[in-house]
Amino acid sequence: MLTIKQLQDLKQKMHLPKVVTDKSVTTYIGSANGITYSLYTLFPGSTSWINYHPNDHVEYTEKYTILFGELEIDKDGDKIILYPGDVIDASMDHAVHTCYAKETVEILFEMTSFVFERSFTEREIIQRDARKIQEVDGYTYHHCARIRDYSIELWKRISPQESLAVISIGSYFHDIGKLAIPLEVLNKPSKLTNAEWKVIKMHTTLGAELMRNHHIDRIRKAAFIVEEHHERYDGKGYPYGLMGSEISLEASIVAVVDAFDAMTTNRVYRGAMTIEEAIQEMKDGKGTQFNPVVVDEFLKMLEEKNNKWD
Ligand SMILES: [Fe+2]
């Protein structure tokens, strides 16, 4: 077993493959006996999720050992603090755990090699696509990360049956189709013409098409969220005018989180609402624009966070 000092030195070496996201760095260390070892560094203030990677193989390893820092995890509704030396063994654990790093947290991550390799390569590709979104502007970057984080939390509260990857990818890439829309239309400060509005609406189907043609399975699987995130509960949304339960729960979640984030953020075409005004808007839109179950759970979640949105 390597010492912590050796691990840190290894991490500094640039040639080790890394996946860098907005909240973490995963550094590949090496493999032995079918297990891959990597260092998982969480940035201060970041929230991430641990969950079992379902697979058909009986022998499966997914283990996290805290090396530095304190990690708060939400385990079956209880908040537990993990310290260096503590281990989360997710090998047979189907629950989704929310992890919050108040400070930099270093974790030794052990995983069955073939699962790790597939997931590492996929994450590299997903990050490359995510960077395209991040390059658009600061708003888009923070907006997408917030939508993902709050959507996952809300999804976890309502229906943790689907895969975490699907809601995570679908919510982060919900507006990927906007990359195909001219910026002067997207950020137009004055009223949009009918023709321009039609173009904007196309970001749902364009984005879904982009994802359905992707070679990564979990991106293809998340396309429906992108396609449906502007549908409305009363059937007056787009692109298809789906109603009520015809709209997936995942897309209904993203719709609520996306609308709330848009309301509370300054945009080129209007100023931000206060949190209280936005909460009222959500209540007013319950059962018309938004799925009522999702709105109720969203408002509950917000209240537990002392109505803070950041
Ligand atoms: Fe959108």
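Here is what the cut-offs are and how they apply
Residues numbered from 1 in each chain as written. Predicted model: local features only at pLDDT ≥ 70, side-chain atom pairs only at ≥ 80, totals over all residues. Core = buried A, V, L, I, M, F, W, Y, C linked by C-beta atoms within 7 Å. Buried ≥ 20, exposed ≤ 12 C-beta atoms within 10 Å, placed from the backbone. Helix = DSSP H or I, 4+ residues; strand = E, 2+ residues; numbered from the N terminus. Arc of directions from axis to C-beta. Contact = placed C-beta atoms within 7 Å. Pairing = 2+ DSSP bridges. Axes fitted to C-alpha atoms, helices over the stretch in contact; angles between N-to-C directions.

> An account of the nonpolar core is needed here, citing residue identities and associated values.
Within the largest apolar cluster, 38 residues are counted, with the highest numbers of intra-cluster contacts made by Ala-222, Val-226, Val-256 and Val-257. Of all elements in the fold, only helix H2 (113-134), helix H3 (138-158), helix H4 (164-172), helix H7 (203-212), helix H9 (223-228), helix H10 (249-263), helix H11 (275-285) and helix H12 (292-304) reach the threshold of two or more residues within this core. Looking at this core element by element, the count peaks at eight residues for H10. The next biggest cluster of nonpolar side chains, apart from the first, holds 14 residues, and it includes Leu-82, Val-105, Phe-109 and Met-111.

> Provide a residue-level description of H11, including the pertinent values.
Taken as a whole, H11 has its buried residues at Ala-278, Ile-279 and Met-282. Along H11, the residues classed as buried sweep out an arc of 105 degrees about the axis, all on the same side. The outward face of H11, more than 90 degrees from its buried face, is lined by the exposed residues Glu-276, Glu-277, Gln-280 and Asp-284. Looking at the buried positions of H11, the neighbouring elements they touch are H10 and H12. The first or second residue beyond H11 is Gly-287, which carries a positive phi of 90 degrees.

> Please give an account of the pairing of strand S2 (residues 24-32) that cites residues and values.
As defined by bridge partners, strand S1 (residues 18-20) adjoins S2 across three bridges and the pair is classed as antiparallel. Considered in S2, the bridge of Val-20 is made with Val-25. In this antiparallel pair of consecutive strands, S1 and S2, the connection spans three residues. Between S2 and strand S3 (residues 35-42), which pair antiparallel one after the other, the connecting turn spans two residues, and Asn-33 there sits at a positive phi close to 50 degrees.

> Residues and numbers for the sheet that holds strand S8 (residues 87-89), please.
In space, the six strands of this open sheet follow the order S1-S2-S3-S10-S5-S8, with antiparallel pairing throughout. Taken across any chain shown, the strands that pair with only one partner, and hence form the sheet edges, are S1 and S8. On average, each strand axis in the sheet is inclined to that of its neighbour by 20 degrees, with strand direction left out of account. The pairing of strand S5 (residues 62-68) with S8 spans three bridges and is classified as antiparallel. Across the sheet, Lys-63 pairs through a bridge with Asp-89, a residue of S8. Where H2 meets the sheet, its contacts fall on S1, S2, S3 and strand S10 (105-112), and the angle it forms with S10 comes to roughly 125 degrees.

> So what's going on with the pairing of S3? Residues and values would help.
When you tally the buried positions in S3, you get six out of eight residues, the bulk of the element. Across eight bridges, the pairing between S3 and S10 is antiparallel. When the sheet's bridge partners are listed, Ser-38 is paired in S10 with Phe-109.

> Break down the sheet that holds strand S4 (residues 46-51) for me, citing the residues and quoting the values.
As summarised here, the arrangement of the four strands in space is S4-S9-S6-S7, forming an open sheet in which the pairing is antiparallel. Looking at the sheet topology across the chains shown, the edges are occupied by S4 and strand S7 (78-82). In this sheet, neighbouring strand axes are inclined to one another by 25 degrees on average, regardless of whether the strands run parallel or antiparallel. Note that S4 and strand S9 (residues 96-101) share six bridges and pair antiparallel. The residue of S9 that forms the bridge with Ser-48 is Cys-99.

> Hey, could you go over unusual backbone geometry for me, with residue numbers and the actual values?
In this chain, Tyr-238 is followed by Pro-239 through a cis amide linkage whose omega measures 10 degrees. Relative to the elements of secondary structure, Pro-239 occurs in the loop between H9 and H10. Phi at Asn-307 takes a positive value of approximately 50 degrees, unusual for a residue other than glycine. Inspection of the secondary structure puts Asn-307 in the segment after H12.

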